Amino acid sequence: MNDLPTPPIQLSEKALSELKIVLEQDIGKEALVKLSEAEINHIGCMMLTLTSIQLKIRIREKKRQVNLDQ
């Protein structure tokens, strides 16, 4: 992750702090300290993007189901 594009947002300090806690539990402290703040921010932005996509898919599926039930 050397040449990272500019992320769409900068996570808040609280969000970064909470993400670091989760990452430390998932990948370990040794791996976490190897990540830069920019890399951690990118991970958070990707997680938000994926969550947004997942929610949009669920909404689309619910709408299709409602249309099929009518």
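Our structure's up above, just so we're on the same page.
Residues numbered from 1 in each chain as written. Predicted model: local features only at pLDDT ≥ 70, side-chain atom pairs only at ≥ 80, totals over all residues. Heavy atoms only, no water.

A.B. asks: Sorry, what's going on with the packing of helix 1 (residues 13-27) against helix 3 (residues 37-69) here?
C.D. replies: In a pair of packed helices, the angle between the axes and the distance between the axes together describe the arrangement. One can describe the packing of helix 1 onto helix 3 by two numbers: an axis separation of 10 Å at closest approach and a directional angle of 90°. The pairing of helix 1 with helix 3 is recorded here as roughly perpendicular in orientation. Residues Leu16, Leu19, Lys20 and Leu23 of helix 1 pack against Glu37, Ile40, Asn41, Ile43, Gly44 and Met47 of helix 3. In terms of residue class, the contact of helix 1 with helix 3 is made up of six nonpolar, two polar and two charged. (Axes fitted to C-alpha atoms, helices over the stretch in contact; angles between N-to-C directions. Helix = DSSP H or I, 4+ residues; strand = E, 2+ residues; numbered from the N terminus. Parallel < 35°, antiparallel > 145°, perpendicular 65-115°, else oblique. Contact = heavy atoms within 4.5 Å. Nonpolar A, V, L, I, M, F, W, Y, C, P; charged D, E, K, R; others polar.)

A.B. asks: I tried to follow the environment of Glu39 on my own but got confused; where do I start?
C.D. replies: Mapped onto the fold, Glu39 is located in helix 3. Relative accessible area serves as the criterion here: at 12%, Glu39 is assigned to the buried category. Note: C-alpha distance between Glu39 and Pro7 (32 residues apart in sequence) is 9.8 Å. (Buried < 20%, exposed > 50% of the residue type's maximum accessible area, 1.4 Å probe, protein only.)

A.B. asks: For this particular structure, what's the right way to read the nonpolar core?
C.D. replies: It is characteristic of soluble globular proteins that their nonpolar side chains tend to be buried jointly. Counting six residues, the largest nonpolar core is built from Leu11, Leu16, Leu19, Leu23, Leu32 and Ile40. A total of three residues in this core trace back to one element, the largest contributor, which is helix 1. Sequence-distant contacts of Leu23, defined by excluding residues within four places in its chain, comprise Gly28, Leu32, Ile40 and Ile43. (Core = buried A, V, L, I, M, F, W, Y, C linked by side-chain atoms within 4.5 Å.)

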